[in-house]
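Chains, contacts and geometry: an overview
So the chains spell out like this:
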Amino acid sequence: MKITTEDIRVAFHAREILKGVSIESENKELVGIIGPNGSGKSTLLKCIYRILKPDAGSVYLDGEELHSMSVKDSARKMAVVAQHNYYNFDFTVREVVLMGRAPHKKTLERDNARDYQIVEESLKTVQMEQFAERTFSTLSGGEQQRVILARALAQQTPALILDEPTNHLDITHQIMLMELVKKLNVTVISAIHDLNIAAAYCDKIYVLKEGNLEGYGTPQEVLTPELIRRIYRVESEIVYDSHGKMHILFL
Amino acid sequence: MKEENLQEKRSKILRKTSYIAVFLGLLAFLIFSILAAITFGNADLSLKDVYSVIAYKLFHIKRLSEYAEGAIHDVVWLIRLPRVLLALGVGMALSVCGVVMQAIVQNPLADPYVLGISSGASLGATLAIMLGVGGFLGGNSVGVTAFVGALVTSFAVIFIANMGGKATSAKLILAGMAVSAVCLAFSNFVIYITNDKSAATEVMKWSMGSLAGASWNRVAVMLPITLIATGLFWTQYRNLNLMLLGDEVSITLGTDLHRLRTSYLILASVMIGFAVYCAGVIGFVGLVIPHVVRILFGTDHRKLLPLSALLGASFLIWCDVACRIVLKNSEMPIGVLVSIIGAPCFIYLLIRKSYGFGGGK
């Protein structure tokens, strides 16, 4: 699925968070959004997954304007793994993942064997099947993150929006998550903090600073010492290892 | 691998059957409670008398026609049975609304009165008792004005919470507290200036709740409303689950909760309004029953709603029985008794570690 934003502007009171951001992801592309804290990454993603309505500009899913669709339709097109996952009540892991099936359900439709099968498969994919009966709130931050990813997988959408998905994850699961997302073969837009992760997995990177786009392109094109200095004010060196993989060293 | 699958299947079946077994068990217990509860009371009736009246009334068995009228008939059919059924309806309504309100405001400490309904109802009752407001309504003017008070306050709270942006759970709770404080202040003011001790006692009695005013008329209002509303809420289990995840997550899962929330609030308010009309303010049932069921069967509303409904109905029936027999020649206010039983349960819940409450571990 193709996701496009057109001149998105968002302001909270007098403070402009996004000053006209247009990004585009082709079908099945993994697009990374990088930028320092407060650059507007999350705000942009929130506009895309429609919990924020931009003051100006629009979001298109396969050319269709986002707010002209029903919430249910958009939830069938994109799933979200974001940072707000604090629950006040004790759901089991399986129940949380099962909620990913909600957009596919009519009011009185029951959850059937197929739904449960999808839930089990999703849990297996994120290696959390052992935890199905556990209470969600008793899991560690990283485990919760994986369960939320499983819920997004259960939605079976052609697009996935990730807001700093590797937060809370140890290195094993950071790599596992990114490999998995890459293999899903769906359109992914993800805010990413770790530049090395972005370099390793993204097809395309957009750079945000203070609500403006400061550059975009392939990791090799974008992640240069000059840009990193300009955006993050740190010195760096780009090296390629024996496999030809790119690494960013901070000096 | 195959064995694993088999095991998985077996545990799934076990889970499902245990829920169905519990559901049927609670349903059976509720029926047993109804039948048992009508044998308790001040009048000394034998079991045979009691059930003969019921059997005659239900099946019109000729042999039992001596029970068609008379004192025994009146006690069983006109006093006890409606009272037990009213307890069932009120208990069910309170528990279901407790579940729904806790989901709506995403707060485990919410109860059916969280929107200030009890204070609104008290204000209505106070006005009726002290100042004779609604006297033209005749016999049950107190109940009617309380009903009106309850609905007016909850609608006011919903309206206030929706002003200046969408109603969030925090706004609902705070608006409920504020409106509640105003109502309480007004009713205290009325009680203070009228300075009528006997009327003040009456207000107090009313605010402690009682099922003594039970009649078939009230049952005919309370029971259908409760059963229909409970059924309606049951069909909404998926949305109630989503409510606990919050508005933002729900949108990403395909449901905009804003409009649903308001309609649930209205339905719950009507339900609670009628419960108040029938039995005054009975606290704690709506708070404790949902938590007890959650501890035992989890938070999934598909199970939580029906089990809470059944358990709450049985619980209030037995509380009412206790009210009738604890004191000799007099009745204990049911609100008092429920709190005496409910509060320790609640404290137990608070200190129980395996129950998350705030996801705390």
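Residues numbered from 1 in each chain as written. Chains lettered and ligands numbered in written order. Predicted model: local features only at pLDDT ≥ 70, side-chain atom pairs only at ≥ 80, totals over all residues.

As for the overall build of chain A
Within chain A, the secondary structure is distributed over 9 helices and 13 strands. Taken over the C-alpha trace, chain A has a radius of gyration of 19 Å; the compact-globule value for 251 residues is 18 Å, and the two agree within 12%. Counting every position in chain A, which comprises 251 residues, the buried fraction comes to 43%. If you take every contact in chain A between residues at least 6 apart in sequence, the share linking residues at least 24 apart comes to 65%. (Helix = DSSP H or I, 4+ residues; strand = E, 2+ residues; numbered from the N terminus. Rg over C-alpha atoms; globule rule 2.2 N^0.38 Å. Buried ≥ 20, exposed ≤ 12 C-beta atoms within 10 Å, placed from the backbone. Contact = placed C-beta atoms within 7 Å.)

So, helix H4 (residues 113–125) of chain A
All names here are of chain A. Look at H4: 18 Å from first C-alpha to last across 13 residues, which is about the 18 Å you get at 1.5 Å a residue. Restricting attention to buried positions, one finds in H4 the residues Ile118, Val119, Ser122 and Leu123. Buried residues along H4 cover an arc of 135° about the axis, so they all sit on one side. Exposed residues on H4 whose side chains face more than 90 degrees from its buried face are Ala113, Arg114 and Gln117. If you follow the buried residues of H4, they end up packed against helix H3 (93–98) and helix H5 (141–154). (Expected span 1.5 Å × (residues − 1). Arc of directions from axis to C-beta.)

Regarding the sheet that holds strand E4 (residues 30–34) of chain A
Either a parallel or an antiparallel arrangement is found when strands of a sheet pair, and the pairing is made through backbone hydrogen bonds. Residues and elements named next belong to chain A. Pairing is mixed across the open sheet formed by 6 strands, whose spatial order is E7-E8-E9-E4-E10-E11. Strands with a single pairing partner mark the edges of an open sheet, and in this sheet they are strand E7 (78–81) and strand E11 (212–217). The sheet shows a mean angle of 15° between the axes of neighbouring strands, taken without regard to direction. Across 4 bridges, E7 lies against strand E8 (residues 159–163) in parallel orientation. By the bridge assignment for E8, Met78 is matched with Ala159. (Pairing = 2+ DSSP bridges. Axes fitted to C-alpha atoms, helices over the stretch in contact; angles between N-to-C directions.)

Comments concerning helix H9 (residues 237–245) of chain B
Residue and element names in this part refer to chain B. With 7 of its 9 residues buried, H9 lies for the most part within the structure. The elements touched by buried residues of H9 are helix H3 (71–104), helix H10 (247–252), helix H11 (257–279) and helix H13 (301–326). Directly beyond the C-terminal end of H9, a positive phi value near 100° is found at Gly246.

Comments concerning the pairing of strand E12 (residues 236–240) of chain A
Residue and element names in this part refer to chain A. Sparse coverage of E12 is indicated by the burial of 0 of its 5 residues. Alignment of E12 against strand E13 (residues 246–250), held across 5 bridges, turns out to be antiparallel. What sits directly across from Ser236, in E13, is Phe250. Hairpin connection of E12 to E13: 5 residues between the antiparallel strands, including Gly244 at a positive phi of 80°.

Comments concerning the interface of chain A and chain B
On the chain B side, the residues contacting the 27 residues of chain A number 27 residues. A per-class count over the side of chain A that touches chain B returns 13 nonpolar, 8 polar and 6 charged. (Nonpolar A, V, L, I, M, F, W, Y, C, P; charged D, E, K, R; others polar.)

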